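Chains, contacts and geometry: an overview
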Amino acid sequence: MGRRIWLMVAPDAGKDDDGRDNFNSRGQYVLCAIGGAVGLGNLLRFPSVVFNNHGLQFFVPYFIALFFIGIPILTLEVVIGQAYRAGCVGAWNSVSHRAKGVGLSMVFNGYTVVTYYVAILAWAMVYFRHSFTSPLPWSDMNAPDFFLNNVVKNPSPIGDKTQEMISYPGTGVVGETLGWAIFTWFVCWLCTFKGVGLTGRAIYVTMALPLVMIALLAIRSLSLPNASDGFKLYLGVWRTESISGPQVWQDSFGQMFFSIGVGFGYFVSYASYASKHSNAVQDAFIIALSNSAIEIISALAVMGVVGFLGLTPSPDERLSTFSSGFFTYPTALAEMPGSNFFSVIFFLTLWLLGVTCVFALFEVMTTMVCDSDWGKKWPRWAIVSVVALVSFLISIVYTSEVGFNLLDAVDTFVNDIALFFTVFTECYFVTTLYRWRDPVDQIGPIGYWTYNGGYLLSNFVGLLIGHLVSPAAGAGAGFGLFIVSAIASVLLSRTPTVTAPRFFAKNAFLSRFWYAAFYCGNQFRRDINHAVLTGKNWKLHWAWPVLLKYITGPAVLLVWTFAYPKFIDNNHYNDPPFLYSFIIMHLVVIFIVTFFIFPRWLNFLIPETRRGDGKFSVMPQVAIGETPIVSRNDEEGFEDRSSASGGVTGMHASGMTQEKSAVY
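Here's what I pulled together on the structure shown here. Keep in mind that this is a model prediction, so the values were computed, not measured.

On to the overall build of the protein chain. Counting secondary structure elements, the protein chain contains 28 helices and 4 strands. Here the protein chain has a C-alpha radius of gyration of 26 Å; the compact-globule value for 664 residues is 26 Å, and the two agree. In terms of principal-axis extent, the alpha carbons of the protein chain reach across some 90 × 70 × 45 Å. Scored against the burial criterion, the 664 residues of the protein chain give a buried share of 60%. Within the protein chain, counting contacts between residues at least 6 apart in sequence, those at least 24 apart form 82% of the total. When the accessible area of the protein chain is evaluated, it comes to approximately 25400 Å², of which 66% is carbon and sulfur surface. Measuring between centres, the 41 positive side-chain charges of the protein chain sit 9 Å from its 41 negative side-chain charges.

Have a look at this one:
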């Protein structure tokens, strides 16, 4: 009887045909993925950037970023996790054995964030405790002063960073922050130690409850005096001049990354526990659109407060995640009727929204360890316990008297440097390295790498000149170098023996160009559609890999370059936490380059039975699961072997023949 009750509360995970743990339902998987995406950025950062950019017109670049940046990358991460049935390192190893560094960088990003994210939730719980005191303790003082002096308790740095290296006098640990961090890590351990079966059950509470609370806060916010002014700013006034400058585009693209959560690894990890033939593309759209809907609705809870407090956007009055959550909203709570009740609701909502993100980010590291051969020797609860303990020990530094300053620095550059560079390489590697031996076999290595090396170089050269000289000069240099490399590639390539499809089959030059520019991404799409997205599942469209390589990737790389002027202009080189963060976040560049050159160095994270994944036989235009055959009239074709292929796991295609076939 006791075991039956225990299994009702904490059910075991389901098992797929390959023996991997599965979510017990598609709904649990989607909710967990949405829970990873929906966090403090939805309730606090989104309304802040909307406010700073004068409301309504912000949605134009926002929806462009959603459909051209967010959804394409999210789809990639969901697809590779589900297809290859592995965490980040294992999944990217299956794309190409030289792409392991991309997976390790995603783990680095996610784990870096989770170690400081817990401290933010601890601060929210400090406010939660104070919410039971009447009147609210920050009602008698300035809200920023209460946060700095009574919550984070960080002494001001000594020195002027415009003149010299500054120092931080605080060295002690803030006891209450540490206590709430321990509590948050314990809850994380409690909801993840048994696997996705338990996490999928816990998500019904940790995801549903804050949505109810957000609705309650939005209703209360819009009922405040002058709340209509905030709502009018949000959706009622169009300002063409606000959309003409670069700031609104930078903010909207940044919000899309910080909100939807690509590049942190949890979509890959969670998708690896989904059903092998789940509707991955549809799931990606559900996750992305749900995330956007929640943050658009959640913003009402803050914009009503904006009107209530009479705030107007200006260079001197800008909101941020921290100011909205710990300055602006607490100020409004102290002034509204029923302040204690709504303060309890608000800060509990922040904690619940954040803890679902902690589950997701924590799972990234846990999955990587559990997937390895040495990790499989230990039960999951033991691995989760050790990882949680180590994570807590790292988190202690963020609960110290220098914790807020260090957190601000790490948060800045894990996003601006590590995240954006990782996502760019995701887009570039999957469309350039996947089955790259096929186009090299058809057009030769000189032609293939002249194009793709030139394309990569043109992006970096164009952006560098754009920052050093002018945007126009950078664009001219970048496009000029790209055109030269493309022409050189076509001239230096040999004519393929397996012609390109459709339009590109018209002549040899177009066929050469197609192999250099589009083959790898298109073949990845075809393989996934054929081996994973079977039946009535939504298919990956031919335009998707083109979008990843030529629009999404360059846009991400552009945003990445903004980190360097920011570092110099703000004199961060004289601020120890920022200098440390700026240096350490370049580890992702080292990971990706080093393990591209020496991929075997990460084999200890790959099960021995799967170390051959990502090494494909030369089979131009033959999808995984298709075997070339020769018909009676000697015309090559193929037969469908997907039903016997066991899906796409182990897509090194070692069992395929070396014959070539034209498949359209």
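Before going further, it helps to examine the packing of helix α9 (residues 196-222) against helix α14 (residues 280-309). Orientation of α9 relative to α14, taken along the N-to-C sense of each, is 40 degrees, at an axis distance of 8 Å. Judged on the interaxial angle alone, α14 and α9 are oblique. Note on packing geometry: the crossing formed by α9 with α14 is left-handed. Counted together, M207, L211, I214, L217, A218, S221 and L222 of α9 and I294, S298, L300, A301, V302, G304 and V305 of α14 form the full contact between these two elements.

This brings us to the pattern of salt bridges. As enumerated under the stated definition, the model contains 10 salt bridges in all. Salt-bridge contacts for D371 lead to R20; the nearest nitrogen and oxygen are separated by 3.0 Å. Within this pair, whereas D371 is found in helix α16 (residues 339-371), its partner R20 is found in the loop between β1 (14-15) and β2 (21-22), the two being separated by 351 residues in sequence. In terms of burial, D371 and R20 fall into one category: buried. With a shortest N-O distance of 2.6 Å, D416 and K566 are connected by a salt bridge. Residue D416 is found in helix α18 (residues 403-430), and its partner K566 is found in helix α25 (residues 563-569); the two are separated by 150 residues along the sequence. Its relative accessible area of 10% is what places D416 among the buried residues.

Here the structure, examined in full by the defined rule, presents 72 aromatic pairs. Note on Y127 and F347: the rings are 4.8 Å apart at their centroids and 20 degrees apart in plane angle, and the pair reads as stacked. Here Y127, found in helix α6 (residues 100-130), pairs with F347, found in helix α16; they are 220 residues apart in sequence, far enough to count as distant. Over the face of the ring belonging to F596 we find R98, whose NZ or CZ atom lies 5.9 Å from the ring centre. Lying over the aromatic face of F578, K161 brings its terminal NZ or CZ to 5.7 Å of the ring centre.

Now for the side chain of D575. If you trace the backbone, D575 turns up in the loop between α25 and α26 (576-584). Owing to a relative accessible area of 3%, D575 belongs among the buried residues under this scheme. Among the polar contacts listed, one links the side chain of D575 to the side chain of Y168, at a separation of 2.7 Å. For D575, the residues in contact, after removing those within four places along its chain, are K161, M165, I166 and Y168.

This part is about the state of the cysteines. Summed over the entire model, instances satisfying the criterion amount to 0 disulfides. Lacking any disulfide linkage, C188 is separated from the closest cysteine sulfur, that of C191, by 7.8 Å. Using a relative accessible area of 1% as the deciding quantity, one classes C188 as buried. Among the residues examined, C191 registers a relative accessible area of 13% and is labelled buried.

What counts and what doesn't
Residues numbered from 1 in each chain as written. Predicted model: local features only at pLDDT ≥ 70, side-chain atom pairs only at ≥ 80, totals over all residues. Heavy atoms only, no water. Helix = DSSP H or I, 4+ residues; strand = E, 2+ residues; numbered from the N terminus. Rg over C-alpha atoms; globule rule 2.2 N^0.38 Å. Buried < 20%, exposed > 50% of the residue type's maximum accessible area, 1.4 Å probe, protein only. Contact = heavy atoms within 4.5 Å. Areas by Shrake-Rupley, 256 points an atom, 1.4 Å probe, with all protein chains shown as cover. Lys, Arg positive; Asp, Glu negative; His and termini not counted. Charge placed at Lys NZ, Arg CZ, Asp CG, Glu CD. Axes fitted to C-alpha atoms, helices over the stretch in contact; angles between N-to-C directions. Parallel < 35°, antiparallel > 145°, perpendicular 65-115°, else oblique. Left-handed = near helix turned anticlockwise from the far one by under 90°. Salt bridge = Lys/Arg side-chain N within 4 Å of Asp/Glu carboxyl O. Phe/Tyr/Trp six-rings, centres within 6.5 Å; stacked < 30°, edge-to-face > 60°. Lys NZ or Arg CZ within 6 Å of the ring centre and 35° of its normal. Polar contact = N/O pair within 3.5 Å; in protein donor to acceptor, adjacent residues only side chain to side chain. Disulfide = S-S within 2.5 Å.

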